[in-house]
Structures are given as C-alpha cells and as structure tokens.
Amino acid sequence: MRKFFLITAIVLSTTAAHAGLDTNVADANVKAPEAAQTSSAQRPDAGAAAAQRQAMMQQKMAMKKQMMMQKQMAMQREMQRHPIRTRLHFAVLRFKQKMHSTFR
C-alpha cells in the first residue's frame, strides 16, 4: 500500500511539474469577501458569459477529440509493431474484467 501511495505521489508531482502547474496551496482565483460584492455595472452580461462558456465547451470537446485520435493512432502503431502481444494483453484485460464482475 505504501508503494502505491509513493508511486501515485511521484506520478502526480511529475505530471504537475510537466504541465507547469502551480502546486501552491494559495489560489490566485480566491477573492476577498469585499471583492465579491460588486455592483451590477461591473458584472458581464449574460450573453457574453454564455458565449464564453460555449467557447470553452467547444475547446474542451476539441481537446478530447484530439486526445482520442492520439490514443487511437498509438494503438494502431502498437498493433502493427506487436500484434500478438497486444491481442494477448487485451485478452488478459477482458479476462480480468470478467473475473472482477463475476466475483463482485
């Protein structure tokens, strides 16, 4: 169990370092209570907020699609390089999944 937590911590720290994320506890997006009380003139209108949300959703979907394509291409390369090993690997995964669902 200790090894699992150690490996998880290492993977998460390297992922955060690779992505260039700030792992500090303090978050820059947290606002003071007095800053939360803004007048209605300072708030963006609903149309702009909806457009921004829509753009973010489209960007997120495009990124997901790109990741799926990359995974699919990697799988095709792996199948071309090692067809028997890859099929055996997935057969073992299916067997493990069946055993897990059977003995739940």
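This one's a predicted model, so the numbers in the text were calculated from it and none came from an experiment. Every residue gets a number counted from 1 within its own chain, in the order that chain's sequence is written. Totals for whole chains, interfaces and linings use every residue, but because this is a predicted model, local features are given only for residues with pLDDT of at least 70 and side-chain atom pairs only at 80 or more, for both listing and counting. In computing side-chain values, all of the structure's heavy atoms are included and hydrogens and water are not.

Draft legend 1. Quick peek at the overall build of the protein chain. Starting at the N terminus, helices and strands are each numbered in turn, a helix being any DSSP run of H or I of at least four residues and a strand any DSSP run of E of at least two. Each helix and strand counted, the protein chain has four helices and zero strands in total. Overall, the protein chain shows an N-to-C arrangement of helices and strands of α-α-α-α. Relative accessibility thresholds used throughout: buried, under 20% of the residue-type maximum; exposed, over 50%; partly exposed, between the two (1.4 Å probe, protein chains only). Taken across its 104 residues, the protein chain has 2% of its residues classed as buried. By element, 63% of the accessible surface of the protein chain is carried by carbon and sulfur atoms, the whole surface being about 10,400 Å². In short, Shrake-Rupley with a 1.4 Å probe defines the accessible areas, and a residue's cover is counted only from the protein chains shown.

Draft legend 2. Spotlight on the confidence of the model for the protein chain. Averaged over all residues, the pLDDT of the protein chain is 80; the fraction at 70 or higher stands at 69%. For every residue, the pLDDT score states the predictor's confidence, bounded by 0 at the bottom and 100 at the top. When mean pLDDT is taken per element in the protein chain, helix α3 (residues 46-81) scores highest with 94 and helix α2 (residues 33-36) scores lowest with 53.

Draft legend 3. Just the pattern of salt bridges, in detail. In the sections that follow, a salt bridge refers to a side-chain nitrogen of Lys or Arg positioned within 4 Å of a carboxyl oxygen of Asp or Glu. Enumeration over the complete set of coordinates arrives at one salt bridge. Of the charged contacts, one joins Glu78 and Arg85 as a salt bridge, the two residues approaching to 2.9 Å between their closest N and O atoms. Assessed through its relative accessible area of 27%, Glu78 is described here as partly exposed.

Draft legend 4. Focus on a nonpolar patch on the surface. On the surface, Met75, Phe90 and Leu93 cluster together to form a nonpolar patch covering roughly 230 Å² of accessible area. Secondary-structure assignment places Met75 in helix α3. Classification of Met75 as partly exposed rests on a relative accessible area of 33%. What makes a patch is a set of residues exposed beyond 30% relative accessible area and free of salt bridges, joined within 9 Å when like-charged and within 5 Å when nonpolar (Val, Leu, Ile, Met, Phe, Trp, Tyr).

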